[in-house]
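Each chain is listed here by its residues.
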Amino acid sequence: MRTKAAVLYAINEPLVIEEVEIGDPKDREVLVRMTATGVCRSDLSAARGFGRPHLPVILGHEAAAEVVKCGPGVTRVKPGDRIVLSWSPNCGHCFYCLEARPTLCEVYTEAAGVGTLWDGTSRIRTPGGDKIHHFSQTSSFAEHMVVPEAGCVPIHPDIPASIAALVGCAVTTGYGAAVNDANVRAGTNVAIWGIGGVGLNALMGAKVRGPAMIIAVDVNPEKEAVAKRFGATHFVNPGEVNDVPEAIRALTEGRGADYTIECSGRPEAIEQAYHSARPAGTVVPVGEARKEETVTFPARLLPDEQKRIVGSYYGGGVPERDFHQILGLYRRGLLDLDALVGETMPLDRINDGFRMLDEGVETRSVVVFE
Ligand code: APR
Ligand code: ZN
Ligand code: ZN
C-alpha cells in the first residue's frame, strides 16, 4: 500500500515528506496506522548522524498506533486494538531475555543495527522500488508502518494518543531511570541534569517516591520554571555557578546528592553527575552522547568514593510492564502526563518539530495523525 511518510535521505538534511510503498506484514508482523508520535531528541540525533543510521530511513520511535492488519502467526493483537509501540521489542528466549534484561535482547539488537525488521529485510520502498530502512523497529514518522508483533503493546482505548505516544519513549525512559535504576527512596536528595522530554519524566518518577529534595540542573535558564512546575525544589544553572558539584554539595549538607540522574547526554554533564553524587551514592547516566565522545574520572576516586554507576536504557526495566505501571499511575491522577504534551502538529510540519526541539521548547512536540 501507499502511505505518507517523512524520509531522511542524507545526514543533516530536512526530512522529505512523500508517499512510500509499504509491503504486507509477514510472519508475526503487524500493519499499524499511527495515531501520534513524539519528536524525541534521539530522532534528531540520528538525523545528525549520531549512531550512523542506514540511509534512506524513516525515523520516529515514540508512538501510539491502531492495529490495521495482522500477518501470519500474530496472537497478541487484533485489528482495531490501540497500542503503544515499543522500540525495543524482544524475542523472549535469548541470553539477555532470560536474564530479565529484555532491552539487551540479542535478536533485536542485531536487526536494529542493520535497519531492517527481524528477518533482515525491509517492508518499505520508494515508489521507484528502492529500499528504505526501518528505524528501531518503529519508523513512526509515517501514517502506516509494518512492525514486529513483539513491539505492539495493547492499551486501554481511552488513553489519549499523544499520552500513549510519549509513554513509548520519553516517559518510560525517564520514569524508569528514577524508579528502576536509581530506585529513589523516600526522604532522599535527587539531582537531575537536562530538563527535556526525558529529564522531566525522571523528575516525575523521582517525585512519585517522595524525595526530600529534587535539584534540577539545566543550561537553559527557562527550564527553571518548568522544572519547578513539575516538582523540582531547586534549580542550578551550570552557566551561573563556578562549579556544579560544589553547588550541589552546598545544598546537601556538604555530602552531595543521594542519586544523580543525567538526561542531557553531554559529557561535561555526565562528569558533573558523577562528582555531584555523595560517596556510595548512585549515578544514573541516561542521555546519549555521540559515539566518539568520552568522559574522564579520576581513577583513584572510583574505589575510594564507592559510587555506583548504573547505565540506564529505556527505563532499565521491562518496557511493556512499565508502560502499564505508568498508565495506571496516570489514570489514577498520580502522574501528570497531560502537562508533558506541548505543541501538536501534522506530519508535514515534522521539520518544524526538529527545529523547536533544537531551540529548547518547554515540553514535547507531538505529531498527531488524522
Ligand atoms: N547540562 C545540563 N543540561 C543540559 C546540558 C548540560 N551541559 N546541555 C543541554 N542540556 C539540557 C537542554 O537545555 C535540554 O533542556 O538538556 C535538555 C535535553 O532535553 P531534550 O532536548 O528535550 O532531549 P530529550 O528528548 O529529553 O533527550 C535527552 O536522552 O534519549 C536520550 O538521545 C536522547 O541524549 C538524549 C537525552
Ligand atoms: Zn531476546
Ligand atoms: Zn526517544
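Reference entry: report on the structure contained in this document. Just so you know, these numbers come straight off a predicted model, no measurement behind them.

With that out of the way, let us pick up the coordination of the zinc ion (ligand 3). Protein coordination at the zinc ion (ligand 3): the donors are C40 (SG), H61 (NE2) and C169 (SG), at 2.0 to 2.3 Å from the metal. Taken in sequence order, the residues that donate to the zinc ion (ligand 3) follow the motif C-x20-H-x107-C. Here C40 is found in the loop between β3 (29-38) and α1 (41-47), whereas its partner H61 is found in the loop between α1 and β4 (63-70), with 21 residues between them in sequence. Relative accessible area serves as the criterion here: at 2%, C40 is assigned to the buried category. You can call H61 buried: its relative accessible area is 3%.

Within the secondary structure, S365 sits in strand β17 (residues 364-368). Residue classification places S365 among the buried residues on the basis of a relative accessible area of 4%. If near-sequence neighbours (up to four positions away) are discounted, S365 is found in contact with G38, V39, E343, M345 and M356.

Between two packed helices, both the angle of their axes relative to each other and the distance between the axes serve to describe the pair. Closest axis-to-axis distance for the helix α7 (residues 244-251)/helix α8 (residues 267-276) pair is 8 Å, and the angle between their directions is 35°. In this structure, the crossing between α7 and α8 has a hand that is right-handed. In this structure, α7 contributes V244, P245, I248 and R249 to the contact, and α8 contributes Q272, H275 and S276. Tallied by class, residues from the contact of α7 with α8 come to three nonpolar, three polar and one charged.

In this section: the site of ligand 1. Lining the immediate surroundings of ligand 1 are 21 residues, of which R41, V198, D218, E288 and R364 lie closest. A distance of 3.4 Å separates an oxygen atom of ligand 1 from a polar atom in the side chain of K223. Here a nitrogen atom of ligand 1 and a side-chain polar atom of E268 are 3.4 Å apart. A total of 740 Å² of accessible area belongs to ligand 1 in isolation, and the protein chains cover 89% of it. Those elements that place two or more of their residues in the shell around ligand 1 are α1, α5 (197-208) and α8. Here the shell around ligand 1 is built from residues that sort into seven nonpolar, seven polar and seven charged.

Cut-offs used in this document
- Residues numbered from 1 in each chain as written.
- Chains lettered and ligands numbered in written order.
- Predicted model: local features only at pLDDT ≥ 70, side-chain atom pairs only at ≥ 80, totals over all residues.
- Heavy atoms only, no water.
- Donors = N, O, S within 2.8 Å, 3.2 Å for Na, K, Ca; no water.
- Helix = DSSP H or I, 4+ residues; strand = E, 2+ residues; numbered from the N terminus.
- Buried < 20%, exposed > 50% of the residue type's maximum accessible area, 1.4 Å probe, protein only.
- Contact = heavy atoms within 4.5 Å.
- Axes fitted to C-alpha atoms, helices over the stretch in contact; angles between N-to-C directions.
- Left-handed = near helix turned anticlockwise from the far one by under 90°.
- Nonpolar A, V, L, I, M, F, W, Y, C, P; charged D, E, K, R; others polar.
- Near = heavy atom within 4 Å.
- Polar contact = N/O pair within 3.5 Å; in protein donor to acceptor, adjacent residues only side chain to side chain.
- Areas by Shrake-Rupley, 256 points an atom, 1.4 Å probe, with all protein chains shown as cover.

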